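# Descriptive analysis of the structure
The lines below spell out each chain.
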Amino acid sequence: MQRVLNGIRRNCLWSSVLWLWLGLLLLASGSSILQGGEVEDCRALLWAGDYDAAIAKAKEKVDAKTWNEGWSRILIEGYLITGKYEEAATVFEGIKDRYYSSLTLRLLAIEAYRYSNQQAKALVELENLPVMIQRSPWQYTTREQLVPLGKYFLMAGEDARKVLEQCYDRVLKQDPKLVEAYIASAELALQKEDATVALQALQKAEQLEPRDPHVFYLTALAWSNSDSQRASEALKRALQLNSKHVQSLLLAVENRIDAEDYSSALKLLDEVEKINPRQPSMWALRAVIYHLRGEFEEEESARKQALATWSLNPEVDHLIGRKLSQNYRFRESVAHQRFALEMDPAYTPARSQLAQDLLRLGETDEGWKLVNEVRKADSYNITVFNLKQLEETLKKFTTLEAPGFVVRMESKEAALYGEQVLKLLADARITLVTKYQAKLEEPIYVEIFPRQADFAIRTFGMPGGEGFLGVCFGRLITANSPAALGASPSNWQSVLWHEYCHVVTLQKSRNRMPRWLSEGISVYEETLKKKAWGMPMDATYRLMILGGEVPNATNTAERNESEPSLFAPQVPEKKNQPSLLKPLSQMSAAFQDAKSPLEVQFAYFQSSLAVEFLVERFGITALQGILDSLAQGLSAQDSLQRHAGTIEQLDKAFVEFARRRALQWGEQADFESRELPAANDEESWSLFLKEHPNHIAALEGRIEHLIKQQQWSSALELLERLQSLIPEDASISGVYALKARIHQAQGDVSQERMALVQLVNRNADATDALERLLDIDKQAERWSDVLLWSEELLSVKPFIDSTYRSRAEAAQRMSQPLISASCWRAILQLDPIDPAEANLRYAEALATLGDFALAKRHALMAIEEAPRYREALMLYRQLMEKESLPDYTLPPEHEGQPPMPSSDSDGSPAQDGN
C-alpha cells in the first residue's frame, strides 16, 4: 500500500498546475449536483436509519439502469453501513463504466474493496485516480466533483489547508447551499483538531439540512473537548433523528467507556452489531473494554475481528490505543500506535497520538522528535502545532533536580519557590511510597506552567481544561502555577501532593485503577496531610448525598439583588434536589455524567468518601491489596471482592456510610425548607427563631440582615448558635469569616484572631484571612506565627513582595538567616521598588550564613544602585576586612533544608537550556 501511495504522491507533482486550472475552470463551470426528488427521498431513508428500505429502493433503480449516479451512491453507502462490503464492491463493478468519471463512486469503491479484503483492487483504483484526473482535469472542476476531488487530494498527501481553500471553500463560494461541502470541511477540520472551523461549517450545514444525523454527530465531536453539555445535546439529537446511526452509537460507546460503564457500552455495541456485524470500530471498542476489564484473551479475539475485513487498517489499532490512552494506559497505547504505523507509516493520527503518549511517559527525546516530524508532514494539525510552540517555551524553563525528580519551571518562579517544590515532593515521596509500598519508575517529571494555555496544551494537546489544577500521567505531572490561575489561585502544595499521590497509585496499579479510586485516594491523602487541604462535608454535599427540597437561604423578595449574599452559595439551584450519591460500582460515572462544575467537585468528594469508607472498614492493607490486584489485571469489581467484599455488599454499605456521615454533619441543625419572614419584620423573625432555633437557612438569613444593619452584638449571638450547629464549617465566607469581620468591627483583635485561625485551619485557600493574621501577629511581634502564616500564604500566592518582607523580618528576629536569605533572594526576583535595600538585606543574611563572597557581591550591587548608601558601604568594608572564608555548618534547626547557592552563583537556580 505504501508503495502505491508514494506513487500517487509522485503522480501528483502536477497538482500545482491543477490548482491553477481549478481557478480558471471553476469560473466557467456552471453545473450543479443533480438530485431528483426520488433520490432525496431515498437518502432521507438512510438518514432515518431505514437502511433496508433505502437499499431496496436504490437497488431497484440501479437494476433498472435509471440514469442518476445518486442511486448507485445510496446503494453502495447502504451496503457499507450494514457491512455488506462484497455487495457494495459488486455494485461498483456493475456501474463503473457507466459513471466512469465519478470520483465519489470510485472513492466509495476503494472503501468497499478494502473492507471486503480485495486490497489489490483497492490499489488499482487508487492508481487509476491520478490518471483519470490528468486525462481530463476540466471534468473535475464542477461543483459535484470538487468535494470528492478534495478528499482524493487528502488521500494523496496534499496540503490540507490548500484543499480546504481551493476545493471546499471555492465550491461554497459558487454554491453556498452545498451541504456536502460544509460536511467535508467539518470532517477535514476535525481530522486536524480544528474545532472552531468545524463548528462554523456545521452550523451552516445544520441550517441547510437539519434531517442529517451525521451533521449532529460531527457537532458532538467538535464540542467533545470543550463543552460536554453541548456535545451531549448534539449526540442526543443525532440519535433522535436516527437511533441506528452507527457513528453516533460508537461515540456514545466511547462516552460510556470514559465513565467506566462497560456494561452499558457493551449493550450499545450489541446494537451496532445488529446493524453491521463486521463494523471494525465496534470490534475495536470491544477490545478496549475487554482490556480495561482484564479480559485479555477476549481483547485479542476482538482485535482480530476488527481487522478481519481489512488486515492493514491502521484505524483499528489507533482507535484502541487512543481510548486506552484516555484511560491512562499510555504504554499500551504506544504499542497500538506502533502497530498502526507498521500498517501505514504515513498515518498521521497514529503518529500524533504516539508523540503525545511518549511525552506523557517522559520519553521526551523520541516524543519531541515525532512532534517535529508530524509538524513537517502536516502543517494544519492543531495539536501538533500547539505542541511545537510549547516545545520552544519549555526550552526556556529552568530545570531543578532532586533524587527521584526532574522539575521544570519558568525561571523566575523556580527562583521564587522551586526549592519548596523539591522539598514538598521529597516529603511526599517518603510518605506515600512507604505507605503504599510502591516501587516507582523514576525520575518523575514535574512541569509547572505560569500560563494556563501552556498547561492545557501540554496536558490535553489544545487550549481548554480551565477546571484542572494539575494532571498526572504516571511518570509526568503537569500543573498550573498560581500565576496561571489569575485572581483565584489554589494552594500549589496541595495540588502537587494530590498529583504525586496519583504517581504512586497509578504506578502501583500499572495505571489500571478506576478513576474514582485514583481521585479518591489522592483527595483522601491530601486531607490526611493537612486538614485544610481536604474536601470537608458541607451543606451542599450533605444535600447532594441525602437529596430533598432545597431550603430557602433568605427571603429573596426582600433582598437587594445588587448586594451579594454574605454567605457563599451552599446548594444547587434546584427546588427538589435528587440524591447524586453513586454506589461504588457506578462511582466513575459521576465524573463523566456531571452536568456542572459543582457536580464534578462532588464526584471528587464522594470518591474520597468511598476511600475513607474502605480504609475505615477494611484497613490500609486492603487498599494496598486492591491496587496490587488491579496491577495483576483483575477488574475493579474482582479486586474489591478479593479484598473487601462483593460489589453488592459494598454498594449497600457505602451508601449507608455516606448517608450517616451526611446526617452527622450538623446533626442538631434544621435543614428543612420553610417560608421565612420578611427581612424587616422583627416580630415575625423573633417568633420564627423561637419556634425553629436551629434552622440553618433562617440563621444565615437573619445574620446577613443584622450585619448589613451593623447590629454586631445581635449578629454575633446568632453566629455563636450557628457555629454550635455546624462547627466544621470551612467556607471562606462562612461562620468563622463573619465572626472575624464582626470582631474586627468591634475592635476585638483577640477574638478576631481566634476566628481567623479557626478558618485557616479548615481552608488553605482563605488568603484574606491569612493576610489579616499576618498583619495582626506582625504588629504583636508573634514572630513564630508570622513565619507560619507567611509560609501558608506563599503556598497560594508566591508572588507578593510584602509577604516575603514580613517573613524575612520574622526570620531575622528569630535568628534564622537561611529563611531570611531565601526571602530577600525572592524579593530580588520580584523587581522591588528599592533594589538597593533588597540587595543589602540579602547580603546581610548571606554574611550571617558565612557566604562572604556572595554577600560582598550583593553589597556591591546595593552600592551600584545607591552609591551613597551608608549601610551598604559599611557592610562592604566589613566584608573586605575578612581575611578568610570559614566553613559554615547549618544549625540543627535548618537541617534538611535545601542549601543556598554556591559562591559562584548569582543567587538564582542553575538553568538548563534543554
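Here is what the cut-offs are and how they apply
- Residues numbered from 1 in each chain as written.
- Predicted model: local features only at pLDDT ≥ 70, side-chain atom pairs only at ≥ 80, totals over all residues.
- Heavy atoms only, no water.
- Helix = DSSP H or I, 4+ residues; strand = E, 2+ residues; numbered from the N terminus.
- Buried < 20%, exposed > 50% of the residue type's maximum accessible area, 1.4 Å probe, protein only.
- Contact = heavy atoms within 4.5 Å.
- Areas by Shrake-Rupley, 256 points an atom, 1.4 Å probe, with all protein chains shown as cover.
- Right-handed = clockwise from strand over helix to strand, strands pointing away.
- Pairing = 2+ DSSP bridges.
- Axes fitted to C-alpha atoms, helices over the stretch in contact; angles between N-to-C directions.
- Salt bridge = Lys/Arg side-chain N within 4 Å of Asp/Glu carboxyl O.
- Phe/Tyr/Trp six-rings, centres within 6.5 Å; stacked < 30°, edge-to-face > 60°.
- Lys NZ or Arg CZ within 6 Å of the ring centre and 35° of its normal.
- Expected span 1.5 Å × (residues − 1).
- Core = buried A, V, L, I, M, F, W, Y, C linked by side-chain atoms within 4.5 Å.
- Parallel < 35°, antiparallel > 145°, perpendicular 65-115°, else oblique.
- Left-handed = near helix turned anticlockwise from the far one by under 90°.
- Nonpolar A, V, L, I, M, F, W, Y, C, P; charged D, E, K, R; others polar.
- Disulfide = S-S within 2.5 Å.
- Polar contact = N/O pair within 3.5 Å; in protein donor to acceptor, adjacent residues only side chain to side chain.
- Bend = angle between axes of the 7 residues up to and from the residue.
- pLDDT = per-residue confidence, 0-100.

This part is about the overall build of the protein. Within the protein one finds 45 helices and 7 strands. Residue burial in the protein is summarised as follows: out of 914 residues, 56% are buried. In the protein, the share of contacts with a sequence separation of at least 24, taken over all contacts with a separation of at least 6, comes to 65%. When the accessible surface of the protein is totalled, it reaches about 39900 Å², and 49% of it is carbon and sulfur.

This next bit is on the pairing of strand 3 (residues 444-449). For strand 3, the tally of buried residues reaches 6 of 6 residues, placing the bulk of the element in the interior. By the alternation rule, side chains of strand 3 split into Ile 444, Val 446 and Ile 448 and Tyr 445, Glu 447 and Phe 449, which are all buried. Handedness of the crossover joining strand 2 (residues 405-409) and strand 3 through helix 24 (residues 411-436) is recorded here as left-handed.

On to unusual backbone geometry. Each neighbour pair has its own omega, and for Glu 442 with Pro 443 the value is 5°, a cis peptide bond. As for its placement among the helices and strands, Pro 443 is situated in the loop between helix 24 and strand 3. A positive phi angle is found at Asn 117, which is not glycine, with a value near 60°.

So, about the sheet that holds strand 1 (residues 398-402). Taken together, 5 strands build an open sheet; the order of strands is 1-2-3-5-4 and the sheet is mixed. Each end of this open sheet is capped by a strand with a single partner; those strands are strand 1 and strand 4 (470-472). With direction set aside, neighbouring strand axes in the sheet form an average angle of 15°. In this sheet, strand 3 lies alongside strand 2 in parallel orientation, the contact comprising 5 bridges. Opposite Arg 408, over in strand 3, you have Glu 447 as the bridge partner.

A separate point is the pattern of salt bridges. Within this structure, the stated rule accounts for 59 salt bridges. Put simply, Glu 442 and Arg 429 hold a salt bridge, and the shortest N to O gap is 2.9 Å. In this pair, Glu 442 sits in the loop between helix 24 and strand 3 while Arg 429 sits in helix 24, placing the two residues 13 residues apart along the sequence. The class of Arg 429 is partly exposed, set by a relative accessible area of 27%.

Here we take up the packing of aromatic side chains. Tallied over the full model, the rule gives 22 aromatic pairs. One Lys or Arg, Arg 286, reaches over the ring of Trp 283 and ends 4.8 Å from the middle of that ring.

Now for helix 33 (residues 647-664). Over its 18 residues, helix 33 extends 25 Å from the first C-alpha to the last, a length consistent with the 26 Å expected when each residue adds 1.5 Å. Every buried residue of helix 33 is accounted for by Ile 647, Leu 650, Asp 651, Ala 653, Phe 654, Phe 657, Ala 658 and Ala 662. Those residues of helix 33 hidden inside the fold are in contact with helix 28 (539-546), helix 30 (597-618) and helix 32 (636-643). Backbone geometry just downstream of helix 33 places Gly 666 in the positive-phi region, at approximately 65°.

Glancing now at the nonpolar core. Ranked by size, the top nonpolar core spans 149 residues in total, and within it Leu 496, Tyr 500, Leu 517, Ile 545, Leu 584 and Phe 654 carry the most contacts. At 11 residues, the largest contribution of residues to this core is made by helix 24. If near-sequence neighbours (up to four positions away) are discounted, Phe 654 is found in contact with Leu 581, Lys 582, Pro 583, Leu 584, Met 587, Gln 606, Leu 609, Ala 610 and Phe 613. Formed by 109 residues, the second largest nonpolar core is a distinct cluster that contains Leu 108, Val 147, Ile 289 and Trp 310.

Turning our eyes to something else, we now look at the packing of helix 4 (residues 51-63) against helix 5 (residues 69-81). Viewed as axis vectors pointing N to C, helix 4 and helix 5 meet at an angle of 140°, and their least axial separation amounts to 8 Å. Comparing the axis directions of helix 4 and helix 5 gives the class oblique. Helix 5 is crossed by helix 4, and the crossing has left-handed handedness. Only Trp 71, Ser 72, Ile 74, Leu 75, Gly 78, Tyr 79 and Ile 81 of helix 5 make contact with helix 4, whose side of the interface consists of Tyr 51, Ala 54, Ile 55, Lys 57, Ala 58, Lys 59, Lys 61 and Val 62. Looking at the contact of helix 4 with helix 5 residue by residue, the classes come out as 10 nonpolar, 2 polar and 3 charged.

As a further point, take the state of the cysteines. This structure, assessed with the given rule, holds 0 disulfides. The closest cysteine sulfur to the non-disulfide-bonded Cys 472 is located on Cys 501, 9.4 Å from its own sulfur.

Before going further, it helps to examine the side chain of Asp 212. Relative to the elements of secondary structure, Asp 212 occurs in the loop between helix 12 (195-208) and helix 13 (213-223). A polar side-chain atom of Asp 212 sits 3.5 Å from a polar atom in the side chain of Trp 47.

The next point concerns the environment of Met 282. By the secondary structure assignment, Met 282 is in helix 17 (residues 280-292). Given the relative accessible area of 0%, Met 282 is considered buried. The spatial distance from the C-alpha of Met 282 to the C-alpha of Leu 269 is 6.2 Å, given a sequence separation of 13 residues. Dropping the residues within four chain positions of it, Met 282 is found in contact with Leu 250, Leu 269, Val 272, Glu 273, Asn 276 and Pro 277.

Sheet analysis places strand 1 next to strand 2, joined by 5 bridges and oriented antiparallel. Counterpart to Ala 402 in the pairing with strand 2 is Phe 405. As consecutive antiparallel partners, strand 1 and strand 2 are separated by 2 residues, and within that stretch Gly 404 has a phi angle of approximately 90°, a positive value.

Along its length, helix 24 reaches its greatest deviation from straightness, about 65°, at Tyr 417. The opening residue of helix 24, the one whose side-chain oxygen lies 3.1 Å from the backbone nitrogen of Lys 412, is Glu 410.

On to the confidence of the model for the protein. Interpreting fine coordinate detail is not advised for predicted regions of low pLDDT. Looking at the protein, the pLDDT average stands at 87 and 89% of residues meet or exceed 70. For the stretch residues 553-562, pLDDT sits under 50, and the model shows 15 contacts to residues farther than four places along the chain or on other chains.

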